[in-house]
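A closer look at the structure
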Amino acid sequence: AGGQGVQCMTAVGAVVVNRVRSGSYPSSIYNVIYQRGSSDRHHPEDLVKIASGVSSSARQAARAALSGSDPTGGAKSFKLASSGHAGVVIGPIVFY
């Protein structure tokens, strides 16, 4: 959700936290992010962006998600809102 607002980045972080807590996904943040076969998996080119520095907005969103903020209402998945999938729309992403 890089480049999106803090609420959208918090929502993506909340999905990761929701997956960890669910028992249906890997039991660590790292393993959820790098889970094989996940369509919203972290891509290697994103590591270049991370290495160049994390924005204060991203840090704020990560802290919020790790502290329990969840604007998705418990969602465990997301995709582009343009997909037409039902759910909570935040920015260009639908969470379900």
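Here, residues in each chain are numbered from 1, in the same order as that chain's written sequence. Thresholds applied to this predicted model are a pLDDT of at least 70 for local features of residues and 80 or more for the giving and counting of side-chain atom pairs; totals over whole chains, interfaces and linings are not thresholded and use all residues. With hydrogens and water stripped out, all remaining heavy atoms of the structure feed into the side-chain values.

Some remarks on the overall build of the protein
Helix numbering and strand numbering both begin at the N terminus, where a helix is a DSSP run of H or I of at least 4 residues and a strand a DSSP run of E of at least 2. A count of helical and extended segments in the protein gives four helices and three strands. Relative accessibility under 20% of the residue-type maximum defines a buried residue, over 50% an exposed one, and the middle range a partly exposed one, all with a 1.4 Å probe and only protein chains included. Buried residues in the protein amount to 24% of all 96 residues. Residues are treated as being in contact if the distance between any of their heavy atoms lies within 4.5 Å. Considering only residue pairs separated by 6 or more positions, the protein has 44% of its internal contacts joining residues 24 or more positions apart. Using a 1.4 Å probe, accessible areas were evaluated by the Shrake-Rupley method; residue-level cover was limited to the displayed protein chains. In the structure as shown, the protein presents an accessible area of about 5,900 Å², 53% of it carried by carbon and sulfur atoms.

Things to note about the sheet that holds strand β2 (residues 88-90)
Any two strands with at least two DSSP-identified bridges between them are counted as paired. Strand order in the open sheet made by the three strands is β1-β3-β2, with antiparallel pairing throughout. Whereas interior strands pair on both sides, the edge strands pair on one side only; in this sheet they are β1 (78-80) and β2. Direction aside, the axes of adjacent strands within the sheet are offset by 30 degrees on average. Axis definition: a line fitted to C-alpha atoms, over the contacting stretch in the case of helices. Angles run 0 to 180 degrees between N-to-C directions. On top of the sheet, helix α1 (residues 6-22) reaches β1, β2 and β3 (93-95); it is set at about 40 degrees to β3, its chief contact.

A short note on α1
Because each turn of an α-helix spans 3.6 residues, side chains separated by three or four positions in sequence point in the same direction. Between the first and last C-alpha of α1 there are 24 Å, a value that for 17 residues agrees with the 24 Å anticipated at 1.5 Å per step. Buried residues along α1 sit against α2 (29-33), α4 (56-66), β1, β2 and β3. Remark: Gly23 follows α1 within two positions and exhibits a positive phi of approximately 85 degrees. By definition here, a helix of n residues has an expected span of 1.5 Å times n minus one.

Observations concerning the packing of aromatic side chains
Any two rings among Phe, Tyr and Trp, with Trp reduced to its six-membered ring, count as a pair given centres within 6.5 Å; such a pair is stacked if its planes are under 30 degrees apart, edge-to-face if over 60, and tilted if neither. For the structure on display, the rule yields two aromatic pairs. With centroids separated by 4.7 Å and ring planes inclined at 40 degrees, the aromatic side chains of Tyr30 and Tyr34 adopt a geometry described as tilted. The exposure class assigned to Tyr34 is partly exposed, which follows from its relative accessible area of 31%. Seen from their ring centres, Phe78 and Phe95 are 5.7 Å apart, and the 45 degrees between their planes marks the pair as tilted. Linking Phe78 in strand β1 with Phe95 in strand β3, this pair joins segments that are 17 residues apart in sequence. Judged by relative accessible area, Phe95 falls into the buried class, the value being 1%.

Notes on the nonpolar core
Proteins that are soluble and globular tend to have nonpolar side chains buried together. The definition of a nonpolar core used throughout is a set of buried Ala, Val, Leu, Ile, Met, Phe, Trp, Tyr and Cys residues joined through side-chain atoms within 4.5 Å. Of all hydrophobic cores here, the largest spans nine residues; its members are Cys8, Ala11, Val12, Val15, Ala75, Phe78, Ile90, Ile93 and Phe95. Listing elements by their share of this core, those giving two or more residues are α1 and β3. The greatest single-element share of this core, amounting to four residues, is contributed by α1.

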